[in-house]
Amino acid sequence: MYGKGEPGRVAEAFEIGDFKPGVRAKTRCDLMGAPPYSEAEGMLVRRFLTSAHDEALKTLAFWMEEAGMSARRDHAGNLVGRYEGATLGAPALLVGSHIDSVRNGGRYDGALGVMLGIDVVEALARAGRRLPFAVEVIAFGDEEGSRFPASMTCSRAVAGTVDPSVMEMTDGDGVSLAQAFAAFALDPTRLEEAARKPGEVFAFLEAHIEQGPVLEAEGLALGVVTAIAAQKRLMVRFAGVAGHAGTTPMNLRKDPGPAAAEAILALERICSGGKDGLVGTVGRITALPGAFNVIPGAVEYSMDVRAEVAATRDAAVEAVTAEIHAIAARRGLEASVTLMQDLAASPCDPGLTALLEDAVAATGQAPRRLPSGAGHDAMVIADLCPTAMLFIRCEGGISHNPREAVTEADCALAATAMLHFIDQLERRERA
Ligand code: GLV
Ligand code: MN
Ligand code: MN
């Protein structure tokens with residue numbers, strides 16, 4: 001019903017008059033790439049519980065209502081739009097992604113999945129369709145963890161797996177999550193009330209840019225995710241003795257800087273030799289107190305380690321931790337490695353994944369299965385209900401970068417595939 005695609009035929013996207021689902025979604029992501037939806041001029045940075053986040057939610061709520069949904073903010077700072085099914089209060093298919101960004105990020109990472117959800121619901125509403133289930137579109141507030149050290153607090157709250165002690169985390173300015181909640185008119189003591197009750201939500205569909213080069217290399221617009229890699233976030237700290245950069249001879253220093261450099265090279269070496277898509281990244285390094293003319297007293301850095309198999313990831317973390325302690329001992333320094341977050345690998349649901357493959361095939365594109373090295377809210381929502389993920393090709397596979405780019409045609413095809421997926425689900429529910 002949405003486009004005439006059969007496997008092997010030319011892909012064709014769904015349109016109603018001048019409303020082109022997916023194309024509009026892209027335009028809306030572009031609009032949200034600048035203030036007031038970004039905290040800064042000239043770049044996109046939309047962190048959790050900032051005024052840019054608030055502005056984005058206000059506009060999204062307006063768009064959700066215009067599309068035929070009722071919109072509400074939950075106790076975790078997520079925005080949820082609901083399009084009722086044929087029966088009021090029916091269990092919902094949850095569709096969405098995150099609306100926060102990394103610093104100087106791209107316009108489509110997360111946001112595109114939210115905007116596609118709104119377009120898809122509007123297509124259903126314009127066609128006057130009521131399904132045997134409700135459709136809810138969700139904009140998660142904190143997938144990236146770009147303000148506070150742990151990520152996915154919002155999807156964890158929805159899945160009912162959040163630990164209320166997260167409220168004690170502080171951002172780079174020393175503001176606690178509890179304080180940020182209060183400033184956003186949220187009650188930090190009610191975080192856990194964002195949890196959905198069993199049976200309220202029966203499936204989750206997340207559409208997201210691939211953030212990698214596989215689809216582009218194969219000339220494909222869409223991919224179907226099989227599983228999301230396991231990841232760990234750790235903080236490493238080497239502590240020595242701060243001193244004068246001009247007066248302290250090299251052999252009398254306890255400088256944590258070169259120790260950190262050695263340890264970062266060890267991470268690169270260990271991960272480069274790994275299997276199962278093992279990767280390790282140091283994305284943030286801080287020398288303290290941080291001055292040209294001061295030997296640092298401490299160096300802290302983040303480590304992000306991922307692999308499709310948790311045991312492979314854990315073996316790499318163990319090996320690098322041993323190296324860190326050995327380097328510290330050799331150089332007479334203190335070292336600590338603190339686990340900040342541990343996300344299990346998350347397979348997508350085989351049944352939903354098969355439906356999504358059929359939906360992609362119905363657009364005329366051969367279905368392509370692939371794993372995700374990037375983390376997604378879907379890996380957390382898997383504790384609540386079965387999940388499926390649709391990947392959309394992005395230019396050069398570039399992401400977490402302002403050069404992130406997608407085409408209108410691919411976004412239109414993604415919306416069409418999502419509508420086919422909903423058709424398949426409807427057929428399954430009615431069978
Ligand atoms: C989110 O983008 C992540 O993979 O860390
Ligand atoms: Mn991201
Ligand atoms: Mn993302």
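Small disclaimer: the values here were computed from a predicted structure and weren't measured.

Section: the overall build of the protein chain
Argument step 1. A count of helices and strands for the protein chain gives 11 helices and 16 strands.
Argument step 2. Relative to the globule expectation of 22 Å for 431 residues, the C-alpha radius of gyration of the protein chain, 23 Å, shows essentially globular dimensions.
Argument step 3. By its C-alpha atoms, the protein chain is 75 × 45 × 40 Å across when sized along the principal axes.
Argument step 4. Partitioning the intrachain contacts of the protein chain with sequence separation of at least 6 by distance along the chain shows that 78% fall at a separation of at least 24.
Argument step 5. Entry remark: accessible area of the protein chain is about 17,400 Å², with carbon and sulfur atoms responsible for 53%.
Argument step 6. Between the mean site of the 41 positive side-chain charges and the mean site of the 57 negative ones, the protein chain shows a separation of 1 Å.

A word on the coordination of the manganese ion (ligand 2)
Argument step 1. Taken together, the protein donors to the manganese ion (ligand 2) comprise Asp109 (OD), Glu144 (OE), Glu144 (OE) and His400 (NE2), at separations of 2.1 to 2.7 Å.
Argument step 2. The sequence pattern describing where the donors of the manganese ion (ligand 2) fall on their chain is D-x34-E-x255-H.
Argument step 3. Between the two metal centres, the manganese ion (ligand 2) and the manganese ion (ligand 3), the spacing is 3.4 Å, with Asp109 acting as a shared donor. Residue Glu144 is located in the loop between strand E4 (134-140) and helix H4 (153-159), and its partner His400 is located in the loop between strand E16 (387-392) and helix H11 (408-430); the two are separated by 256 residues in the primary sequence.

Observations concerning the domain arrangement of the protein chain
Argument step 1. Annotation of the protein chain at the domain level lists domain 1 (10-229 + 345-430) and domain 2 (230-343).
Argument step 2. Every contact between the two is made by 16 residues of domain 1 and, on the other side, nine residues of domain 2.
Argument step 3. Both faces considered, domain 1 and domain 2 share a buried interface measuring about 950 Å² in area, 48% of it formed by carbon and sulfur atoms.
Argument step 4. Together, Pro149, Ala229 and Ala345 form the three largest contributors to the area buried by domain 1 at its contact with domain 2, with a combined 40%.
Argument step 5. Inspection of the region where domain 1 meets domain 2 yields zero salt bridges.
Argument step 6. At the boundary of domain 1 and domain 2, one finds five residue pairs in polar contact (both at pLDDT 80 or more).
Argument step 7. Looking at the side of domain 1 that touches domain 2, its residues break down into 10 nonpolar, four polar and two charged.

Structural notes on the site of ligand 1
Argument step 1. Around ligand 1, the neighbouring residues are Glu143, Glu144, Arg306, Ala374, Gly375 and His400.
Argument step 2. Here an oxygen atom of ligand 1 sits 2.6 Å away from a polar atom, N or O, in the side chain of Arg306.
Argument step 3. One of the side-chain nitrogen or oxygen atoms of His400 is found 3.2 Å away from an oxygen atom of ligand 1.
Argument step 4. Computed on the free molecule, ligand 1 has an accessible area of 190 Å², of which 93% lies beneath the protein chains in the complex.

As for the coordination of the manganese ion (ligand 3)
Argument step 1. Around the manganese ion (ligand 3), the protein contributes the donor atoms His98 (NE2), Asp109 (OD) and His208 (NE2), at 2.0 to 2.3 Å from the metal centre.
Argument step 2. The motif formed by the donor residues of the manganese ion (ligand 3), counted along the single chain, is H-x10-D-x98-H.

Points about the packing of aromatic side chains
Argument step 1. Applying the stated criterion across every chain yields a total of three aromatic pairs.
Argument step 2. Above the ring of Trp63, the side-chain terminus of Arg28 is found at 4.1 Å from the ring centroid.

Thoughts on the nonpolar core
Argument step 1. Within the largest apolar cluster, 104 residues are counted, with the highest numbers of intra-cluster contacts made by Leu60, Leu93, Leu112 and Phe421.
Argument step 2. With residues up to four places along the chain from it excluded, the contact list for Leu112 reads Ala25, Lys26, Cys29, Ile209, Ile392, Val406 and Cys411.
Argument step 3. Counting residues in hydrophobic clusters, the runner-up holds 22 residues, among them Ala260, Ile270, Leu278 and Ala307.

Looking at helix H3 (residues 111-126)
Argument step 1. For H3, with 16 residues, the first-to-last C-alpha span of 23 Å sits near the 22 Å given by 1.5 Å per residue.
Argument step 2. For H3, a buried count of 14 out of 16 residues is recorded, marking the element as mostly surrounded by other parts of the structure.

Here's the deal with unusual backbone geometry
Argument step 1. For the bond from Pro35 to Pro36, the omega torsion is 5°, close enough to zero to count as cis.
Argument step 2. Mapped onto the fold, Pro36 is located in the loop between helix H1 (23-31) and helix H2 (51-66).
Argument step 3. Of note, the amide linkage connecting Leu288 to Pro289 takes the cis form, showing an omega dihedral of 10°.
Argument step 4. When you line up the elements, Pro289 lands in the loop between strand E10 (285-288) and strand E11 (294-295).
Argument step 5. A positive phi angle, near 65°, is found at Leu49, a position not held by glycine.
Argument step 6. Structurally, Leu49 can be placed in the loop between H1 and H2.
Argument step 7. Unusually for a residue other than glycine, Asp276 sits at a positive phi of about 55°.
Argument step 8. For Asp276, a relative accessible area of 26% corresponds to the partly exposed category.

A few points about the pairing of E4
Argument step 1. In terms of residue burial, E4 counts as a mostly covered element, since seven of its seven residues are buried.
Argument step 2. The alternating pattern of E4 places Ala134, Glu136, Ile138 and Phe140 and Val135, Val137 and Ala139 on opposite faces, both of which are buried.
Argument step 3. Of the strand pairs in this sheet, strand E2 (residues 79-83) and E4 are connected by five bridges, and their pairing is antiparallel. Residue pairing for E4: Val80 is matched across the bridge by Ile138.
Argument step 4. Pairing of strand E3 (residues 92-98) with E4 involves seven bridges; the strand directions are parallel. Residue pairing across strands places Ser97 opposite Ala139, the latter belonging to E4.
Argument step 5. For the crossover from E3 across H3 to E4, the handedness is right-handed.

Quick notes on the environment of Gly85
Argument step 1. Its place among the elements puts Gly85 in the loop between E2 and E3.
Argument step 2. The exposure class of Gly85 is buried, given its relative accessible area of 7%.
Argument step 3. The spatial distance from the C-alpha of Gly85 to the C-alpha of Arg284 is 46 Å, given a sequence separation of 199 residues.
Argument step 4. Residues within four places of Gly85 in sequence aside, it is in contact with Arg130, Leu131, Phe133 and Ala134.

Side note on the pattern of salt bridges
Argument step 1. As enumerated under the stated definition, the model contains 31 salt bridges in all.
Argument step 2. Because the salt bridges share partners, they merge into one network encompassing Arg82, Glu84, Glu136, Arg196 and Glu200.

Reading the values: rules and limits
Residues numbered from 1 in each chain as written. Chains lettered and ligands numbered in written order. Predicted model: local features only at pLDDT ≥ 70, side-chain atom pairs only at ≥ 80, totals over all residues. Heavy atoms only, no water. Helix = DSSP H or I, 4+ residues; strand = E, 2+ residues; numbered from the N terminus. Rg over C-alpha atoms; globule rule 2.2 N^0.38 Å. Contact = heavy atoms within 4.5 Å. Areas by Shrake-Rupley, 256 points an atom, 1.4 Å probe, with all protein chains shown as cover. Lys, Arg positive; Asp, Glu negative; His and termini not counted. Charge placed at Lys NZ, Arg CZ, Asp CG, Glu CD. Donors = N, O, S within 2.8 Å, 3.2 Å for Na, K, Ca; no water. Domains from an automatic or database assignment. Buried area = accessible area lost by both parts, 1.4 Å probe. Salt bridge = Lys/Arg side-chain N within 4 Å of Asp/Glu carboxyl O. Polar contact = N/O pair within 3.5 Å; in protein donor to acceptor, adjacent residues only side chain to side chain. Nonpolar A, V, L, I, M, F, W, Y, C, P; charged D, E, K, R; others polar. Near = heavy atom within 4 Å. Phe/Tyr/Trp six-rings, centres within 6.5 Å; stacked < 30°, edge-to-face > 60°. Lys NZ or Arg CZ within 6 Å of the ring centre and 35° of its normal. Core = buried A, V, L, I, M, F, W, Y, C linked by side-chain atoms within 4.5 Å. Buried < 20%, exposed > 50% of the residue type's maximum accessible area, 1.4 Å probe, protein only. Expected span 1.5 Å × (residues − 1). Pairing = 2+ DSSP bridges. Right-handed = clockwise from strand over helix to strand, strands pointing away.

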